[in-house]
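Read off the chains here:
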Amino acid sequence: MPVPRPKRKFIVLAAAACAAVLAIVLGVTGFGGGGSPGVTYLDGTTNAVVYHVGHRPLAPDFTGTTLTGTPLHFYSYRGKVVVLNFWGSWCTACREEAPTLSVLAEQERPKGVSFLGVDLEDTTANAMAFIKNHDIDYPSVGDPSDTITLSFSSVVPISSTPTTLVIDRTGHIAGAVFGQITYSELTAMIATVSSGGAA
Amino acid sequence: MPNVALGHVSNDFMIAALIIYSLAVLAFAGDFAFGRPKRSAVTSRAQVPERADALAAVGASATASGVSGSAVSGTSGVPAASAVSGVSGAVVSGAGAGGSVPDSMPPVALPPLRAILAAGEWVRAGMALSTAGVLAHALAVITRGFAVHRAPWGNMYEFVTALTCFAAIFFLWVMIRYRAWALGVFVIGAVVVVLGLAETLIYTAAGNLVPALQSYWLSIHVTAMTVSTGVFFVAAVLGVVYLAVDHHNRRVAAGKAQPGNGIIARLPSLEQLDRLAYRTVVFGFPVWTFGVIAGAIWADEAWGRYWGWDPVETWAFITWVVYAAFLHARATAGWRGRRAHYVQLLGFATLSFNILVVQVFITGLHSYAGVG
Amino acid sequence: MTDLRPAPEVEEPPAIPASEAEFGVIDWLRWAWRQLTSMRIALILLFLLALGSVPGSMLPQEGGDEAGVIQYYKSHPALAPLLNHLGMFNVFGAPWFAAIYLLLFASLVGCVVPRTFKLAGSARTLPPRAPRNIGRLPHSASYQTALPPSSALAVAARVLGGHGFRLRTSGDGSAWLSAEKGYLREAGNLLFHLSLLGVLVSIALGGLFGYKADKLVVAGNAFSDTQSDLDEFYPGRLVTAADLAPFTIKLDSFSASYITSGPQLGQPAAFNAHVTYSAYPGGPKRTDDIQVNHPLSVDGVKVYLIGHGYAPVFKVTEANGQVVYDGATPFIAAASGNFLSQGVVKVPDASPEQLGFSGVFVPTAVYAGGTLASIFPAADRPVVSLIAYGGNLGMNSGPTQSVYQLDMAGLKQLAAQPHLLAPGQTWTLPGGKGAITFVGYQQWASLTITHDPGQLPALLFGMGALGGLLLSFLVRRRRVFVRVTAPGPDAGLGSGPGPGSAPGSGPGSVVRFGGLARTDASGGFEAEFASLAAELRAAHEQQAPQQETGD
């Protein structure tokens, strides 16, 4: 059988076919994501994140009504460090972290740190029962249309409940825990943000 | 609210169609037994002179009037050379050496009605009864549509009655256009069997559709599937006839059977059958493709995704792939002829499996068969 | 140098240096490529594709029927792990299935692209010369005409040109004409196959950049399109939560109507979800009615009404009257029909102990022999039957629970019998645990949100495939040839005119007309040829001078 030299057209065609195949395979099988600059994942997981100064997204403003019926304007917290916790009475991890949050709120209040809750997918009665049961004495606003979650989702990837954000005095999000908090994690994060530096 | 009275009228027309079709089958069978002993003329509209001298024997007058009854029935129609029409541009030898007749025009065939009249009383009866049967069947489907205030293919019974109607209409056209009444016994017979089974086993009274099916896409998607299933049904019957004739021919070639004057001798040649079946699939395949696309559009409207590998969707895809394989097989050496028709019948088997088994027994979003 | 051996049947290969004499890697690749792009392999791959799809329709698939997969594991404990290993519970995402269609498309591309070049090339080249012996073509005709050869040829050119044939006339004096038509057939064929490739790419596009999400919303409530608020979220490979369209939807009301008489009593007649929505936070509010077959389209995303049900409203109070639960609880319709629905109520913040209720909501209740049943899907006579539990719901720690099921491990039943409640009635629980009131009911709708950027391209490519298919089936590539000779002594032999026969050597000329179809697997060219022949002859007769030349 004659042995011809490989033609350029064949090589080009083969290369194009391989490129197309690769693109399609990517679409169908797998693809990995990466990190981004200015963001540190603590403990090697994407669960707890610290945003360094200069890379901190601005927390969007919102207004709402607290569970007790008082109107609340988020930007009134400007100038303080705020721990913003997204929760629901139906959420197991929220119930598990509630005692920690309650204790930490008490502990950090003298240092000028405010805690604020955003209650999701709950009725007022259920939420109030939760608050009472777990001795939460910081206010929570209801988010019946998830609009607060929606506006925060555009700046940080809120993917599940609970989520806790630590917001610095200038109103920028300095740290986030996507999931259940631990005492040490949150204490350290609050300390870092309060001191004005980044880890 | 369905119109119950019209529903009964529709059913009456359906029974009438069944009876008339059965009589048509008997008439076509009668043609085999008692009809004119010449080879049935399945031809295309224009005869190609197989040999110039053969035409000369028919008479130079063939060109004067352009019409000659005996010219139509004398030759078998398809010259061997056309089987190798894939040769590009080269001169093909075959159609006789150096025709010395200065005037040889391809003769024009008889108009269909005259051909039917010339074919004998049994064929006349068979064609008349087939036409009447198609009319009754169509009326049955139409009145059913008026009875339920929507396109009459919303459940299994309606689907089967409608597809057999499309099959019968399509085949009636084939018989007229290609003079294929020799195949009437088989195709109309198959229609009788399927329609009879539908009437006895899966009859459902006229009723409304569940809201999930109330969309104009119903008309478009299910219509296309019904029509193409009807057409593939015809192709499948033709494929079976092809395989039977081919089997007989091979037995004759092996010396195990006589090439007699029986039914098979009265059927069109293997090539003609093959072409007829191929053309039928060629007609049905784009309609099926369109039906699948329309189904995807409807699925997107109703379920939020245009393709989700629902069992019925999957089997419609399988059917499409197998018929595509049939079309490719005819272009592949070693796969033409018998093997290609196995593929075509496999395609119809997957189609039938989809209608009879998958839609009924495998739960999915498509379970609207309404059976039982 | 003369060689007395018979000519070799196979072409001798050119002299090659010894180092290239082996069949190298490139050559193997080339051989493999030739095999892959052959029709035979395409056929085999098509069969494999069809065969490979069969298990995907018979076995439960992970994408749409996770519950079925779990059930299969339970009923086939030995077979299920093996099937899983083979990818049988995710056939259409399995690597082996991908291999089949990717190979098929590679074969397709390898066939189609060279043919595209060839088609482009053939569009520029003229039809071939007319063969000398037209009588040997599959279809041929001949007749005499009174016109001289040059005019006869001109008439033929006019007639064929009028039918859209591409013409080539003889340069020399031999008076012939070639005509070709039907290039669109190959173009249609290529369009069809390339469109299939386009469909595949569109599907991949959707798989990368599209997403699907589910949300159950009770009438009167609202939700936004954020990952934490959706019940289920299936993102494409490159989709992150930030890609979700930022709309908010409020389900103002949901209505379902059912057939109240006739043979289809109880069948659903219509569903309607009336919503108010905004495409982005702070955006203008619009209203819409989402129905089956009528999705809402917002910001490139479609919202579909998939299902609905009842959410009975309960109020649970502690013994001291403190309200610890108040809200609508979605119940799911059971298989028994007529929207008899089941659900649970979890009250984790009740004291002294957590409370749980397992309930049945019956929209139109009858008591048949002591059993509670629903005879009509509309809530004409709603009744709730509850079983009460107290203890530990298991919600304070551990994995997330289903909202439709109670974890019975830490619970014990508070009362022996289920308790029936009509709307407005209260059941005081034994042991001072509190009370539960069946306040009323709401309806819920389940919505599916889909975003698929490949959807429109897939549709366009699908239509392209259909168009290409029709073109390739309807159009035939065919060639016809005309030779006109003077009627001389040798004119009847069917061979072309020799250089000696001069035009006008006799009255009129003999026209020989022949044709063939390049791919005429279905026949039908004969009819066209016959009609062309008749038309040509008629045209010649029309142009002929007055005197008759006989036959």
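Residues numbered from 1 in each chain as written. Chains lettered and ligands numbered in written order. Predicted model: local features only at pLDDT ≥ 70, side-chain atom pairs only at ≥ 80, totals over all residues.

> Can you walk me through the overall build of chain B in this structure?
Looking only at helices and strands, one finds 13 helices and 0 strands in chain B. Shown N-terminal to C-terminal, the secondary structure of chain B runs as helices and strands in the order α-α-α-α-α-α-α-α-α-α-α-α-α. The 372 residues of chain B split such that 52% are buried. Across chain B, contacts joining residues at least 24 apart in sequence account for 83% of those joining residues at least 6 apart. (Helix = DSSP H or I, 4+ residues; strand = E, 2+ residues; numbered from the N terminus. Buried ≥ 20, exposed ≤ 12 C-beta atoms within 10 Å, placed from the backbone. Contact = placed C-beta atoms within 7 Å.)

> I would appreciate a short explanation of the domain arrangement of chain B in the present structure.
By a widely used convention, the size of an interface equals the accessible area lost when the partners come together. Residue and element names in this part refer to chain B. Segmenting chain B into domains produces domain 1 (1-47 + 106-209) and domain 2 (216-372). Computed over C-alpha atoms only, the centres of domain 1 and domain 2 are separated by 19 Å. Between domain 1 and domain 2, the contact holds 27 residues from the first and 25 residues from the second. Mapped by element, the contributors of at least two residues to the side of domain 1 that touches domain 2 are helix H7 (156-178) and helix H8 (184-201). Here the element with the most residues in the side of domain 1 that touches domain 2 is H7; it accounts for 11 residues. Residue classes in the side of domain 1 that touches domain 2 are distributed as 22 nonpolar, 4 polar and 1 charged. (Domains from an automatic or database assignment. Nonpolar A, V, L, I, M, F, W, Y, C, P; charged D, E, K, R; others polar.)

> What is the right way to look at the domain arrangement of chain C in this model?
Residues and elements named next belong to chain C. Under the domain assignment, chain C is made up of domain 1 (23-121), domain 2 (130-182 + 476-543), domain 3 (207-308 + 449-462) and domain 4 (309-442). Of note, the centres of domain 3 and domain 4, computed from C-alpha atoms alone, are 29 Å apart. Every contact between the two is made by 8 residues of domain 3 and, on the other side, 9 residues of domain 4. Secondary-structure elements contributing two or more residues to the side of domain 3 that touches domain 4 are strand E4 (211-218) and strand E11 (301-317).

> Got a minute to help me understand the interface of chain C and chain A in this structure?
Facing the 51 residues of chain C at the interface are 42 residues of chain A. Taken together, the elements giving at least two residues each to the side of chain C that touches chain A come down to helix H1 (25-36), helix H5 (95-124), helix H7 (184-209), strand E5 (222-224), strand E7 (248-258) and strand E12 (323-328) of chain C. For the side of chain C that touches chain A, the class distribution of residues is 27 nonpolar, 16 polar and 8 charged.

> So what exactly am I meant to see when it comes to the environment of Leu276 of chain B here?
Here Leu276 of chain B lies in helix H11 (residues 270-303). Setting aside anything within four residues of it in sequence, one finds Leu276 of chain B in contact with Val174, Tyr178, Ala180 and Leu238 of chain B.

> Explain the nonpolar core here, please?
What tends to happen in soluble globular proteins is that the nonpolar side chains get buried as a cluster. Core analysis: the largest hydrophobic core is formed by 245 residues, its most contacted members being Ala167, Ile188, Val234, Leu238 and Val321 of chain B together with Leu46 of chain C. Of all the elements, H11 of chain B adds the most residues to this core, at 17 residues. Leu110 of chain B together with Ala130, Tyr143 and Leu536 of chain C belong to the second largest nonpolar core, which has 35 residues in total. (Core = buried A, V, L, I, M, F, W, Y, C linked by C-beta atoms within 7 Å.)

> Just checking my understanding: could you explain helix H1 (residues 4-34) of chain B for this structure?
Each α-helix turn comprises 3.6 residues. Residues three or four places apart therefore point the same way. Residues and elements named next belong to chain B. The first and last C-alpha atoms of H1 sit 45 Å apart over 31 residues, in line with the 45 Å expected at 1.5 Å per residue. If you check which residues of H1 are buried, you get Ser10, Phe13, Met14, Ala17, Leu18, Ile20, Tyr21, Ala24, Val25, Ala27, Phe28 and Asp31. Contact partners of the buried residues in H1: helix H6 (121-148), H7 and H8. (Expected span 1.5 Å × (residues − 1).)

> I would appreciate a short explanation of the sheet that holds E7 of chain C in the present structure.
Backbone-to-backbone hydrogen bonds join strands into a sheet, with any given pair of strands oriented parallel or antiparallel. Residue and element names in this part refer to chain C. If you trace the 4 strands from one edge of the open sheet to the other, you get E5-E7-E8-E9, paired in antiparallel fashion. Strands with a single pairing partner mark the edges of an open sheet, and in this sheet they are E5 and strand E9 (285-290). Between one strand axis and the next, the sheet turns by 25° as a mean value, whatever way the strands run. Bridging between E5 and E7 involves 3 bridges; their strand directions are antiparallel. Considered in E7, the bridge of Ser224 is made with Thr248. (Pairing = 2+ DSSP bridges. Axes fitted to C-alpha atoms, helices over the stretch in contact; angles between N-to-C directions.)

> Explain the pairing of strand E16 (residues 365-368) of chain C to me, please; I cannot follow it from the model alone.
The side chains of a regular strand alternate, first on one face of the sheet and then on the other. Residue and element names in this part refer to chain C. Summarising the sheet, E16 and strand E17 (residues 371-374) pair through 4 bridges and their orientation is antiparallel. Residue pairing across strands places Ala365 opposite Ser374, the latter belonging to E17. Between the end of E16 and the start of E17, which pair antiparallel, lie 2 residues, with Gly369 showing a positive phi angle near 60°.

> Explain the pairing of E12 of chain C to me, please; I cannot follow it from the model alone.
Direction of pairing for E11 of chain C relative to E12 of chain C: antiparallel, over a ladder of 5 bridges. The residue of E12 of chain C that forms the bridge with Thr317 of chain C is Val323 of chain C.

> How should I be thinking about the environment of Phe186 of chain B in this particular structure?
Residues and elements named next belong to chain B. Looking at the element boundaries, Phe186 is found in helix H8. C-alpha separation for the pair Phe186 and Val241, spaced 55 residues apart in sequence, amounts to 7.8 Å. Setting aside chain neighbours within four positions, we find Phe186 in contact with Val237 and Val241.

> Quick question: what am I supposed to make of helix H3 (residues 124-133) of chain A here?
For H3 of chain A, a buried count of 7 out of 10 residues is recorded, marking the element as mostly surrounded by other parts of the structure. Restricting attention to buried positions, one finds in H3 of chain A the residues Ala125, Asn126, Ala127, Met128, Ala129, Phe130 and Ile131 of chain A. Summarising the contacts, the buried residues of H3 of chain A are in contact with strand E6 (113-119) and strand E7 (140-142) of chain A together with E12 of chain C. Following H3 of chain A by one or two positions, Asp135 of chain A adopts a phi angle in the positive range, close to 55°.

> Sorry, what's going on with the packing of H5 of chain C against H7 of chain C here?
Residues and elements named next belong to chain C. Running from N to C, H5 and H7 point in directions that differ by 145°, and their axes come no closer than 10 Å. Both H5 and H7 take part in a crossing whose hand is left-handed. Within the contact between the two elements, H5 uses Phe105, Leu108, Val109, Val112, Arg115, Thr116 and Leu119 and H7 uses Glu186, Ala187, Leu190, His193, Leu194, Leu196, Leu197 and Leu200. Tallied by class, the residues present in the contact of H5 with H7 amount to 11 nonpolar, 2 polar and 2 charged. (Left-handed = near helix turned anticlockwise from the far one by under 90°.)

> In this structure, what is going on with the confidence of the model for chain C? I would like to understand it.
Do not read the fine detail of predicted coordinates wherever pLDDT is low. Residues and elements named next belong to chain C. Chain-level statistics for chain C give a pLDDT mean of 84 and a share of 89% at 70 or above. Predicted confidence is poor over residues 547-551, with pLDDT under 50, and the contacts of this stretch with residues over four places away or in other chains come to 7 contacts. Both scores are given for the predicted complex: the pTM is 0.77, the ipTM 0.79. (pLDDT = per-residue confidence, 0-100.)

> I would appreciate a short explanation of the packing of H11 of chain B against helix H8 (residues 455-474) of chain C in the present structure.
Each packed pair of helices is defined by two parameters, the angle between the axes and the distance between the axes. Two numbers describe how H11 of chain B lies on H8 of chain C: the axes approach to 10 Å, and their chain directions differ by 170°. Classified by the angle their axes make, H11 of chain B and H8 of chain C are roughly antiparallel. Contacts between H11 of chain B and H8 of chain C pair Val282, Pro286, Thr289, Phe290, Ile293 and Asp300 of chain B from the former with Gln455, Gly462, Ala465, Leu466, Leu469, Leu470 and Phe473 of chain C from the latter. Of the residues that constitute the contact of H11 of chain B with H8 of chain C, the class distribution is 9 nonpolar, 3 polar and 1 charged. (Parallel < 35°, antiparallel > 145°, perpendicular 65-115°, else oblique.)

> Honestly, the environment of Ser228 of chain B in this entry has me stumped. Any pointers?
Residue and element names in this part refer to chain B. Along the polypeptide, Ser228 turns up in helix H9 (residues 216-253). For the pair Ser228 and Thr161, spaced 67 residues apart in sequence, the C-alpha to C-alpha distance is 14 Å. What Ser228 contacts, discounting residues up to four positions off in sequence, is Gly284, Val287, Trp288 and Gly291.

> Even after reading the chapter, I still don't get the sheet that holds strand E2 (residues 166-169) of chain C, so can you show me in this structure?
All names here are of chain C. Ordered by their spatial adjacency, 5 strands build an open sheet running E1-E24-E23-E3-E2, and the pairing between neighbours is antiparallel. Either end of the sheet is taken by a strand with one partner, and the two such strands are strand E1 (139-145) and E2. When strand polarity is set aside, the average angle formed by the axes of neighbouring strands in this sheet is 15°. Of the strands in this sheet, E1, E2, strand E3 (176-181), strand E23 (478-485) and strand E24 (509-517) touch helix H6 (residues 149-162), which is tilted by about 165° from E23. Docked against the sheet, helix H9 (residues 525-543) engages E1, E23 and E24, running at close to 10° with respect to E1.

> Help me out: how do you make sense of the confidence of the model for chain B in this one?
All names here are of chain B. Per-residue pLDDT for chain B averages 77, and the proportion of residues at 70 or more is 76%. Overall, residues 39-101 carries pLDDT values under 50, and its contacts beyond four positions in sequence, including any with other chains, amount to 130 contacts. In this model residues 367-372 is a low-confidence stretch, pLDDT under 50, and it forms 14 contacts with partners more than four residues away in sequence or in other chains.

> Where do I start with unusual backbone geometry in this structure?
Backbone phi values are negative for most residues with the exception of glycine, while trans is the configuration of most peptide bonds. A cis amide bond links Thr161 of chain A with the next residue in sequence, Pro162 of chain A, at an omega value of 5°. Tracing the chain through its elements places Pro162 of chain A in the loop between helix H4 (147-153) and strand E8 (163-167). Residue Pro352 of chain C is reached from Ser351 of chain C by a cis peptide bond, and omega for that bond is 10°. Structurally, Pro352 of chain C is set in the loop between strand E14 (341-347) and strand E15 (354-362). The backbone phi angle of Arg179 of chain B is positive, close to 55°, even though this residue is not glycine. Mapped onto the elements, Arg179 of chain B comes out in the loop between H7 and H8. One non-glycine residue, Asp299 of chain C, lies in positive phi territory at about 55°.

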